[in-house]
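# Summary of the model geometry
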Amino acid sequence: MTSLFKLFSQSCGLPLKEAQLFLGTNVDTTKSWWAGRRNPPEEILEKLVDLSIKQDIAAQELLLQLETLGKKNKKQYITLKAHALDSQAQAIGWPSANAYMAVIRKAVEKMPIELAMRLVLVTD
């Protein structure tokens, strides 16, 4: 059985420890929610839903930018800098590198395959 909390956290790119840090909750409490032994308060799920919505919006904006680049340079690869360190992702407003990478994943899922095949991710 997967808890709703775990499902929401993972869909946002947050493993257990990152979810706990993002939410500012106690480790044992977060583990209990993750395992489905207890349900989190509504405001906790709302924070995860808000993060997911922010990711969806950012993914849509990224997709539009990449599609525009793809149309201008029809045969060239498109390089995208992907922040692999939490500190880098946090500097641009994401709780972790995994949450930031979830934005890229969401954008790639929605783009035409021929554009996705031209995408090159570069990490620091």
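Notes on the structure in this doc start here.

Further remarks concern the nonpolar core. Counting 30 residues, the largest nonpolar core has Phe5, Leu14, Leu66 and Trp94 as the members making the most contacts within it. Residue contributions to this core peak at 9 residues, all from helix 4 (residues 42-72). The contact partners of leucine 66, leaving out residues within four places of it in the chain, are Ile78, Met111, Leu115 and Leu119.

Here we come to the packing of aromatic side chains. We describe a pair of aromatic rings using the distance from one ring centre to the other and the angle between the two ring planes. According to the stated counting rule, one finds 2 aromatic pairs in the structure shown. Relative to tryptophan 33, the ring of phenylalanine 5 lies with its centre 5.3 Å away and its plane at 65 degrees, an arrangement referred to as edge-to-face. Highlighted residues: phenylalanine 5 in helix 1 (residues 4-11) and tryptophan 33 in helix 3 (residues 27-35), separated in sequence by 28 residues. An identical accessibility class is assigned to phenylalanine 5 and tryptophan 33; each is buried. Measuring from centroid to centroid gives 6.3 Å for phenylalanine 5 and tryptophan 34, while their planes differ by 75 degrees, and the two rings are edge-to-face.

Turning our eyes to something else, we now look at the pairing of strand 1 (residues 78-81). In strand 1, alternate side chains face the same way, and those of Ile78 and Leu80 are buried while those of Thr79 and Lys81 on the opposite face are not. In this sheet, strand 2 (residues 119-122) lies alongside strand 1 in parallel orientation, the contact comprising 4 bridges. Paired with lysine 81 across the bridge in strand 2 is valine 122.

Time to look at the pattern of salt bridges. What the rule picks out here adds up to 2 salt bridges. With its nearest N and O atoms 2.8 Å apart, the salt bridge here joins arginine 105 to glutamate 109. Taken as a pair, arginine 105 and glutamate 109 lie in helix 6 (residues 97-110) at a separation of 4 residues, close to a single helical turn. Here glutamate 109 falls in the exposed class, since its relative accessible area comes to 54%.

Attention shifts here to a negative patch on the surface. Judged by side-chain charge, Glu42, Glu43, Glu46 and Asp50 come together as a negatively charged surface patch. Along the chain, glutamate 42 falls in helix 4. Judged by its relative accessible area of 62%, glutamate 42 is exposed.

With respect to the helices and strands, the residue valine 103 is situated in helix 6. Under the relative-accessibility criterion, valine 103 is labelled buried at 6%. Residues valine 103 and lysine 54, spaced 49 residues apart in sequence, show a C-alpha to C-alpha distance of 8.9 Å.

Calculation criteria
- Residues numbered from 1 in each chain as written.
- Predicted model: local features only at pLDDT ≥ 70, side-chain atom pairs only at ≥ 80, totals over all residues.
- Heavy atoms only, no water.
- Core = buried A, V, L, I, M, F, W, Y, C linked by side-chain atoms within 4.5 Å.
- Buried < 20%, exposed > 50% of the residue type's maximum accessible area, 1.4 Å probe, protein only.
- Helix = DSSP H or I, 4+ residues; strand = E, 2+ residues; numbered from the N terminus.
- Contact = heavy atoms within 4.5 Å.
- Phe/Tyr/Trp six-rings, centres within 6.5 Å; stacked < 30°, edge-to-face > 60°.
- Pairing = 2+ DSSP bridges.
- Salt bridge = Lys/Arg side-chain N within 4 Å of Asp/Glu carboxyl O.
- Patch = residues over 30% accessible without salt bridge, like charges linked within 9 Å, V, L, I, M, F, W, Y side chains within 5 Å.
- Areas by Shrake-Rupley, 256 points an atom, 1.4 Å probe, with all protein chains shown as cover.
- Lys, Arg positive; Asp, Glu negative; His and termini not counted.
- Charge placed at Lys NZ, Arg CZ, Asp CG, Glu CD.

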